[in-house]
Structures are given as C-alpha cells and as structure tokens.
Amino acid sequence: MDAPADGAPGPGARPRDPGLQPERTRLAWRRTTLSSTVAAVLAVRTVLHDAPTATGTVAGVLCGALWLAFLTLAHRRIRALAAGGPPPALTPRHAAAAVLCTVALAVCAAALVL
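Residues numbered from 1 in each chain as written. Predicted model: local features only at pLDDT ≥ 70, side-chain atom pairs only at ≥ 80, totals over all residues. Heavy atoms only, no water.

Asker: Tell me about helix H1 (residues 21-49), and please be specific about residues and values.
Answerer: Helix length check: H1 (29 residues) gives 42 Å between terminal C-alpha atoms against 42 Å at 1.5 Å per residue, within 8%. Turning to H1, its buried residues are Pro22, Trp29, Thr33, Ser36, Ala40, Ala43 and Val47. Where H1 is buried, its residues contact helix H2 (54-82) and helix H3 (92-113). (Helix = DSSP H or I, 4+ residues; strand = E, 2+ residues; numbered from the N terminus. Expected span 1.5 Å × (residues − 1). Buried < 20%, exposed > 50% of the residue type's maximum accessible area, 1.4 Å probe, protein only. Contact = heavy atoms within 4.5 Å.)

Have a look at this one:
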C-alpha cells in the first residue's frame, strides 16, 4: 500500500498525474456557464415579451444578478484550472456558492415561465 489512510503520499509513492481531468473539469464549468446564460437570457426575454409586471421585473433582475454571480465564480475556477500544475481543490464555500446560484437561477427562471 503506497498511501496512508490520511491521503498523504507515502514514501516511494509517485506523484499523482491528473491527466486530462483538469481540462474536462474546465470544460464542464464552461458548459454550465453556457446553460446558465441561456436560462438567464430566456428569463429576461420572458419578462420583456409579456406585459412587464413588478414581480416579473424583479425575477428578471434577480436572474441577471444570479447569472453574473455564477459567471464570476465559474471564471475564477476556470482560470485556476487553466493555470497549469496541479489544480487547487475546490473550496466548500466556492462549491456552495456555485450550487446556490445555479439552483436559484433555475427556480427564478421556472417561476417566470409558470
């Protein structure tokens, strides 16, 4: 057994080769950003297409703000993955913020459609 139970490499263990995993993760962040962009654009289109109401306008603005927040988070992570070398671990705070933005954007967009 090369590695102890705590996950640290043991003596004589080879360094981990991430292979293409960082690139696949970076591409996944880009796909998620693209899909959230589509959801935000469709939400704003729905607000502008129908007779604008106060609730619809607030939901549209909220969708735009959530999209910008997710775009910022994703851009930061994409840059960290593209920097080369072993990618840093995704912090729980960063992951929770990305999930919160994604779910809230989906809820706001669904509320506009219904």
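Don't stop here, the text continues.
Asker: Residue-level account of the packing of H2 against H3, with values.
Answerer: One way to put it is that H2 packs onto H3 with a least axis distance of 9 Å and a crossing angle of 150 degrees. With respect to H3, the axis of H2 lies roughly antiparallel. The two elements H2 and H3 cross, and the hand of that crossing is left-handed. Contacts between H2 and H3 involve Gly56, Ala59, Gly60, Leu62, Cys63, Leu66, Ala69, Phe70, Leu73 and Arg77 from the former and His94, Ala97, Ala98, Cys101, Thr102, Ala104, Leu105, Cys108, Ala109 and Leu112 from the latter. Here the contact of H2 with H3 is built from residues that sort into 15 nonpolar, four polar and one charged. (Axes fitted to C-alpha atoms, helices over the stretch in contact; angles between N-to-C directions. Parallel < 35°, antiparallel > 145°, perpendicular 65-115°, else oblique. Left-handed = near helix turned anticlockwise from the far one by under 90°. Nonpolar A, V, L, I, M, F, W, Y, C, P; charged D, E, K, R; others polar.)

Asker: So what's going on with H3? Residues and values would help.
Answerer: Across its 22 residues, H3 extends 32 Å between first and last C-alpha, which sits within 8% of the 32 Å expected from 1.5 Å per residue. When we look at burial in H3, the residues that qualify are His94, Ala98, Cys101, Leu105, Cys108, Ala109 and Leu112. Viewed end-on, H3 has its buried residues packed into an arc of 105 degrees, placing them on one side of the element. Along H3, exposed side chains directed more than 90 degrees from the buried face belong to Pro92, Val99, Leu100, Val107 and Ala111. Of the surrounding elements, those touching the buried residues of H3 are H1 and H2. (Arc of directions from axis to C-beta.)

Asker: Explain the environment of Ala109 to me, using residue names and the numbers behind them.
Answerer: Note that Ala109 resides in helix H3. For Ala109, a relative accessible area of 16% puts it in the buried group. Through-space distance from the C-alpha of Ala109 to that of Ala43 is 5.3 Å; in sequence the pair is 66 residues apart. Contacts of Ala109, omitting those with residues within four sequence positions, involve Ala39, Ala43 and Cys63.

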